[in-house]
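Structural features, examined
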Amino acid sequence: MKISAAAVKAFMKRQLATEMTENGVTELRDDLNLVDSGLLDSIGLLQLVMSVQEEFKVEIELGEVDPELFTTVAGFASIVTDRSV
Amino acid sequence: MSAVDVGQLAPAQLAAYLDLEHEASAPYSAYVFASPDVAKAWSRHQLTSGAAEFGPPHGRAYVEGESVVAMAAWLNGAELKRLRMKATLALLKFPAFGEDRTLGDRIRAASSTLLSPGPEDMYLSRVAVDPNQRGQGRGRAILDDLASSARSRGCQRLLLEVAEDRAPAVRLYERFGFASLGVVRAPAQPNKPPLAYRQMVLVL
């Protein structure tokens, strides 16, 4: 099943709700940098990757993907939607 | 004993340096990784990804003649934060991460025992002396080197974690003036040895 970017973003918003409140972030805009905004540290990123794999039953293996994609909202969502068929 | 940046080591010296790094991180590795071989592969992977806390310019080998007799790695809190993020990205490309679904869980569990130093803090990430070279004051000499480097960089504190069961190392730090912040235990994992770190601080 094809996963929509909106579904991934909604999931991210639920997962990051606490961090968003703590950092005064109200919306996950596409170009928001998850790291610079303070929403994700290294373990937070690991946690998000693991929970998104569980939720959407996708295997995220980077291969040739630029790892920096993981640090923005749109980039993170695209990695998940690109893995679904 | 002279200090050499890890980037300047000959291949045989780098191998000796990595053996000491493996020794330094053995308690963490035994808790997190499926085997010592996976732990060693992860060290190499971090190094080639530029994500290693013990890579250049943070890692330093202590050399006598041509032999690496000790190693240490230290960095400030801002550098540490940046490298840990890089290491997480490198982890996603590490083959064992895709093959072992429990590895990520154990890395998250182990992270609860680790300090979060600030930008003004110098963090001692690894330190190891060759087992055949102990009892000669090398640990003390390394700490002198680290403390003076940290002071010259304007750092306020030196922070470290040491495995609670490494009594000689804990004594070395206490004699040097480190104070204990307490012992933090990682949650128990099936078929894994327990992980307990004493967190310590030296005000410079």
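Conventions we followed
- Residues numbered from 1 in each chain as written.
- Chains lettered and ligands numbered in written order.
- Predicted model: local features only at pLDDT ≥ 70, side-chain atom pairs only at ≥ 80, totals over all residues.
- Helix = DSSP H or I, 4+ residues; strand = E, 2+ residues; numbered from the N terminus.
- Buried ≥ 20, exposed ≤ 12 C-beta atoms within 10 Å, placed from the backbone.
- Contact = placed C-beta atoms within 7 Å.
- Pairing = 2+ DSSP bridges.
- Axes fitted to C-alpha atoms, helices over the stretch in contact; angles between N-to-C directions.
- Core = buried A, V, L, I, M, F, W, Y, C linked by C-beta atoms within 7 Å.

For the rest of this paragraph, the subject is the overall build of chain A. Counting its regular elements, chain A contains 4 helices and 0 strands. When the helices and strands of chain A are placed in sequence order, the string is α-α-α-α. Relative to its full complement of 85 residues, chain A shows a buried share of 27%. The contacts in chain A between residues at least 6 apart in sequence include a share of 65% that link residues at least 24 apart.

Residue and element names in this part refer to chain B. The 7 strands are arranged S1-S2-S3-S4-S5-S7-S6 in an open sheet whose pairing can be described as mixed. The sheet is open, and its two edges are formed by strand S1 (2–5) and strand S6 (179–185), each paired on a single side. Within this sheet the neighbouring strands show an average axis-to-axis angle of 30 degrees, counted without direction. Pairing geometry for strand S5 (residues 157–163) and strand S7 (residues 196–203), over 7 bridges, is antiparallel. Note that in S7 the partner of arginine 157 across the bridge is valine 203. Of the strands in this sheet, strand S3 (67–76) and strand S4 (121–129) touch helix H4 (residues 77–92), which is tilted by about 100 degrees from S3.

Residues and elements named next belong to chain B. Residues Tyr17, Ala70 and Met71 are the most contacted members of the largest nonpolar core, which totals 79 residues. Top contributing element to this core by residue count: S3, with 8 residues. The residues contacting alanine 70, other than those within four sequence positions of it, are Leu20, Tyr62, Ala128, Val129, Asp130, Gln133, Arg138 and Ile142.

Another point: the interface of chain B and chain A. Taken together, the contact pairs 13 residues of chain B with 13 residues of chain A. Elements that contribute at least two residues to the side of chain B that touches chain A include exactly H4 and helix H6 (103–111) of chain B. Of all the elements, H4(B) adds the most residues to the side of chain B that touches chain A, at 7 residues.

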